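Residue-level structure breakdown
Chain by chain, the residues:
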Amino acid sequence: MAPPPAVAIAPGVFRIPTVGSAATNSFALLDDDGSVTLVDTGLRSAPPKIVAGLAALGKHPSDVQRIVLTHAHPDHAGGAADLAARTGAPIAVHEGDAGFAEAGTSPPNDPSTATGRLFARLPGGGFPPVPVSEQLADGQVLAVAGGLRVVATPGHSPGHVSLLHERSRTLITGDAIFNVLGVRYSPRMLCSDFRLCRRTAHVLGELEYEQAGFTHGPEIIDGARAAVRRFLAKAVTRRTPE
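Since this is a predicted model, take the numbers as computed values, not measurements. (Residues numbered from 1 in each chain as written. Predicted model: local features only at pLDDT ≥ 70, side-chain atom pairs only at ≥ 80, totals over all residues. Heavy atoms only, no water.)

Things to note about the sheet that holds strand 11 (residues 170–172)
Across a sheet, strands are paired by hydrogen bonds formed along the backbone, either parallel or antiparallel in direction. Strand order across the open sheet formed by five strands is 8-9-10-11-14, with mixed pairing between neighbours. Each end of this open sheet is capped by a strand with a single partner; those strands are strand 8 (141–142) and strand 14 (211–213). Judged from the three bridges that link them, strand 11 and strand 14 form a sheet pairing that is parallel. Residue leucine 171 lies in a different strand from strand 14, and its bridge partner there is alanine 212. (Pairing = 2+ DSSP bridges. Helix = DSSP H or I, 4+ residues; strand = E, 2+ residues; numbered from the N terminus.)

Some points on helix 1 (residues 47–56)
Every buried residue of helix 1 is listed here: Pro47, Ile50, Gly53 and Leu54. The buried residues of helix 1 occupy one face: seen down the axis, they fall within an arc of 115 degrees. Where the residues of helix 1 are buried, they touch strand 2 (13–19), strand 3 (24–30), strand 4 (36–39), strand 5 (64–68) and helix 3 (80–87). Just beyond helix 1, the residue with positive phi is glycine 58, at close to 75 degrees. (Buried < 20%, exposed > 50% of the residue type's maximum accessible area, 1.4 Å probe, protein only. Arc of directions from axis to C-beta. Contact = heavy atoms within 4.5 Å.)

Re the packing of aromatic side chains
Per the counting criterion, the structure on display carries two aromatic pairs. Ring centres of tyrosine 185 and phenylalanine 194 lie 6.2 Å apart, and the angle between their planes is 85 degrees; this geometry places the pair in the edge-to-face category. Residue class for tyrosine 185 comes out buried when judged on its relative accessible area of 7%. Judged by relative accessible area, phenylalanine 194 falls into the buried class, the value being 3%. Residues tyrosine 185 and phenylalanine 231 carry aromatic rings whose centres are separated by 4.9 Å and whose planes lie at 65 degrees to one another, so their mutual orientation is edge-to-face. (Phe/Tyr/Trp six-rings, centres within 6.5 Å; stacked < 30°, edge-to-face > 60°.)

Printed below as a string of structure tokens:
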């Protein structure tokens, strides 16, 4: 059975699956004036699914007024250039990843591990260059959909951010943490600095939210903050294998 084109997480917040039922997700935030903010754009093959998700919400690409990227990796920024052309919307990304997005290249992998060095030598990691219109900063609150706070969580990439939708109390984690077979860190081989990723993820336990959406994995509707805090507390006491 095909996954639904859009899944409600909270009032005005929807997950749009672009790979499988929840393997890779984008998000749509609906504002009171009918406009839409997209968060992440999936792989370069994702835009038709995102357009279908918008249609399921009664929205058209012309309703998209802003695109926000959590970071510059192909599964988050791959569809950005296409969607910018379809929607005419400006694209925002943290200043630490803006140069990579504009070049259409992923930040380098963590060289401190054998797998990171191996991944750094493999081909791939590219995506169509992204026309970045705005560079985001930690703590910035975007005036969309009731307030969208930028929370810097570098490590997965130099400019990785998570996002807090203040009105609905919904956290969008990006790749700071996944929800694949349970809440977990991103695999270290996919990070620019895995140790930094582990450190900065802890800020997510200090925020106030009720729901959490993950780019990889299904959302947590009930007890999201408690689930994230439990994971972070346990992760401190155990070593994550390479």
